[in-house]
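A structural walkthrough
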Number of protein chains: 2
Amino acid sequence: MYALSHPLLLDTALRTGIALPSPYPAKPFAHLFAGIPPRALAAGEGLAWEGSPVENVHLVMSGVIRSVRYLRDGRRMITRFIYPGDVVGPADGAMYRSTLEAVTRAQLVALPRARWDHAIAGSPELRDALFAMLRDVADSAQRHAVLLGRQTAEERLAAFLLGIARRVGEGGKGPVQIVLPMGRQDIADHMGLTLETVCRTFTACQRLRLIRVWRRRHMWLLDMDALAGLAGATAPRDGRGASQRTARCV
Amino acid sequence: MYALSHPLLLDTALRTGIALPSPYPAKPFAHLFAGIPPRALAAGEGLAWEGSPVENVHLVMSGVIRSVRYLRDGRRMITRFIYPGDVVGPADGAMYRSTLEAVTRAQLVALPRARWDHAIAGSPELRDALFAMLRDVADSAQRHAVLLGRQTAEERLAAFLLGIARRVGEGGKGPVQIVLPMGRQDIADHMGLTLETVCRTFTACQRLRLIRVWRRRHMWLLDMDALAGLAGATAPRDGRGASQRTARCV
DNA sequence: CGCCAATTTGACTGACTTCAACTTGCGTGG
DNA sequence: CCACGCAAGTTGAAGTCAGTCAAATTGGCG
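All residue numbers refer to position in the chain's written sequence, counted from 1. Each chain gets a letter, beginning with A, and each ligand a number, beginning with 1, in the order they are written. Since the coordinates come from a predicted model, pLDDT governs what is reported: local features require at least 70, and pairs of side-chain atoms require 80 or more to be given and counted, while whole-chain, interface and lining totals use all residues. Hydrogens and water are ignored here; the side-chain numbers use all heavy atoms of the structure.

Time to look at the overall build of chain A. In this text, helices come from DSSP runs of H or I with a minimum length of four residues, and strands from runs of E with a minimum of two, each type numbered from the N-terminal end. The number of helices and strands found in chain A is nine helices and eleven strands. Classification of residues uses two cut-offs on accessible area relative to the type maximum, computed with a 1.4 Å probe and protein chains only: under 20% is buried, over 50% is exposed, and between them is partly exposed. A buried classification covers 57% of the 250 residues belonging to chain A. Whether two residues are in contact is decided by their heavy atoms: any pair within 4.5 Å suffices. Contacts in chain A between residues far apart in sequence, at least 24 positions, make up 74% of those at least 6 positions apart. Values of accessible area rely on a 1.4 Å probe in the Shrake-Rupley scheme; residue burial ignores everything except the protein chains shown. Just so you have it, chain A exposes about 10,700 Å², and 55% of that area is on carbon and sulfur atoms.

It is worth spelling out the confidence of the model for chain A at this point. Residues and elements named next belong to chain A. Summing up the model confidence of chain A, the mean pLDDT is 86 and the portion of residues at 70 or higher is 83%. As a per-residue measure, pLDDT tells how confident the predictor is, with possible values from 0 to 100. Contacts from residues 1-24, a stretch scored under 50 in pLDDT, to residues over four places away or in other chains number 55 contacts. Every residue in residues 239-250 is under pLDDT 50, and counting partners more than four places away or in other chains gives 22 contacts.

With that out of the way, let us pick up the protein's contact with DNA strand C. With respect to spatial proximity, 21 residues lie near DNA strand C, and among them A:Arg184, A:Cys199, A:Thr203, B:Thr197 and B:Arg200 are the closest. A cutoff of 4 Å decides nearness: a residue is near a molecule or strand if any of its heavy atoms lies inside that distance of it. The sugar and phosphate moieties of DNA strand C supply 60% of its atoms located within 4 Å of the protein. As used in this structure description, the phrase polar contact means that two N or O atoms lie within 3.5 Å; if the pair is within protein, one of them must be able to donate a hydrogen and the other to accept it, and residues adjacent in sequence are counted only when both atoms belong to side chains. Interatomic distance of 2.6 Å between a side-chain N/O atom of A:Thr203 and a phosphate oxygen of DNA strand C. In the environment of DNA strand C, a phosphate oxygen lies 3.5 Å from a nitrogen or oxygen atom belonging to the side chain of B:Arg215. Mapped onto the surface near DNA strand C, the elements with two or more residues apiece are helix 8 (195-207) of chain A together with helix 8 (195-207) of chain B. Among the elements that take part in the surface near DNA strand C, helix 8 of chain A stands out by supplying five residues, more than any other. Put simply, Ala, Val, Leu, Ile, Met, Phe, Trp, Tyr, Cys and Pro go in the nonpolar bin, Asp, Glu, Lys and Arg in the charged bin, and everything else, Gly too, in the polar bin. Here the surface near DNA strand C is built from residues that sort into four nonpolar, six polar and eleven charged.

With that settled, consider the packing of aromatic side chains. Only Phe, Tyr and Trp rings are paired, with Trp represented by its six-membered ring, and only when their centres lie within 6.5 Å; those with planes under 30 degrees apart are stacked, over 60 edge-to-face, the remainder tilted. Enumeration over the complete set of coordinates arrives at six aromatic pairs over all chains. Considering the side-chain rings of A:Phe131 and B:Phe131, the 4.6 Å spacing of their centres and the 10 degrees angle between planes classify their relative orientation as stacked. With one member in each of two chains, A:Phe131 in helix 5 (residues 124-150) and B:Phe131 in helix 5 (residues 124-150) form a pair that bridges those chains. Judged on exposure class, the residue A:Phe131 and its partner B:Phe131 are both buried. Ring plane angle 45 degrees and centroid distance 5.0 Å describe the contact between B:Phe29 and B:Trp116, whose orientation is recorded as tilted. Placement of B:Phe29 in helix 3 (residues 27-30) and of B:Trp116 in helix 4 (residues 113-121) is noted, with a sequence separation of 87 residues between them. You can call B:Phe29 buried: its relative accessible area is 3%. One aromatic cluster is present, formed by A:Phe29, A:Phe33 and A:Trp116 through successive ring pairs. Stacked on the ring of A:Trp220, the Lys or Arg A:Arg212 has its end atom at 5.0 Å from the ring centre. Here, over-ring charges are defined by two tests on the NZ atom of lysine or the CZ atom of arginine: distance to the ring centre within 6 Å, and angle to the ring normal within 35 degrees.

So, about the pattern of salt bridges. Residues and elements named next belong to chain A. Salt bridge, as applied in this entry: a Lys or Arg side-chain nitrogen positioned within 4 Å of an Asp or Glu carboxyl oxygen. Using the criterion set out here, one finds 22 salt bridges over all chains in the structure. A salt bridge links Arg143 to Asp139; the shortest N-O distance between them is 3.2 Å. Of this pair, Arg143 and Asp139 both sit in helix 5, separated by four residues, roughly a single helical turn. Residue class for Arg143 comes out partly exposed when judged on its relative accessible area of 39%.

In the region of DNA strand D, 20 residues are neighbours, and A:Thr197, A:Arg200, B:Arg184, B:Cys199 and B:Thr203 sit closest. A share of 65% is what sugar and phosphate atoms reach among the atoms of DNA strand D within 4 Å of the protein. Contact between DNA strand D and A:Arg200: a base oxygen at 2.7 Å from a side-chain N or O atom of the residue. One of the side-chain nitrogen or oxygen atoms of A:Arg215 is found 3.3 Å away from a phosphate oxygen of DNA strand D. Only helix 8 of chain A together with helix 8 of chain B provide two or more residues apiece to the surface near DNA strand D. Top contributing element to the surface near DNA strand D by residue count: helix 8 of chain B, with five residues.

This is how it looks when you write it as structure tokens:
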């Protein structure tokens, strides 16, 4: 486990309820960052801005980062949360395509882009890992689009909570405890809702005994099956594809 | 231009109003597909299903394909439309992550995955092109998420129409003519709306003299500036990032 | 212990959806 | 070539989920 090789990872994992492994294990890239002193970010502090050049590739050691896109009038969408073990930068090309801000206090290490590119160019393994990582970013953005475009507030939040639970590694039936590292507004901006709707929906889920909330940031997922049913992953269809006209009624 | 080297591309470009170049020019990959006889798909026909193995990489020669994700109850989201010159398969890894169906009659050529992988492994140029393509898929999925989560019906459709106009290569001020290759239901399922809302919003835009609709599939974009204002690309913010608490009021 | 931002709850509004009827125009076959 | 049939699209009326505005509550932090 990478956590063993770097205490910071395990530390945050405990404090925020986010355990490794993260979806794109740092393992294949971790050695590139060895020996570089970590940089600290305060909660809310910015790391990079949309449109600015990508000078470094960062490995998040502790804390949580949000990747945000702003509209001119201030509306914003958090496209994804970035957790310890995640690498940021390579998916953006030469320019950042979104703004990066720390959600919690965070620590990360920066690797100059040239060194990163050189390492990637020289290693088929790293290349494959990078491909996989990019595919994963694309896939989760598309799954996110399904949520945003076609699922209700309750379904979106069920999916959100299960996503966090998956990071903790808990997939079991029984109550799973999680800690939310971000506030309600961030959750709302990630799920395409308002903060009030997030609150009300959590309250409703609590009444239905799907979850239990303690001190705002702590939750128990009481009924994983029901939550999974709500989150409802996309469903492959058997047989030949529906013709265009029957698309709505399955 | 690739269109010159393969008449099919130009043909569809004319019929559907979709001119090359597409966002990921086929150019770097085109030679891999040289000499393979194209396969025809009827409108509505399926090409691949979510969860099935990716056996071939396809180059679309003519027509339009939709990439769809279904929920269990039949709700669906079209994550993207795939146009002539686009390559499908590499972004999915070993398994398709969405279902592919022809929107219009289409023709495409299939390259066995092993040959594709071999070609990519052997060419730094192709590798870079593939990286760029994957980044583009991820980026457009994230921009799409902003639309779905934070923009109104009118804004979403303005962005949709401008996206089609961009393919035709027309960016000017004056009226731009486009042809929509897909029906209202497909537009709705791509923009997270209902077909009725798409209709009503087109009608409203027509009353505002932003567009003119002729025979359902043909449109003139009369006021590109106004449409661009509605579509409102994401806005980089200057200065240091907003702290978490001021996020909503800019 | 007290301050204050974050969160929760309440009342009301509105954008988009739903259900339903009507219209258009493409494609087919006489 | 034209009429017919029917799916695709449009419009209308009513409903609903989530948004907005506002007030009350909570709990982290100094």
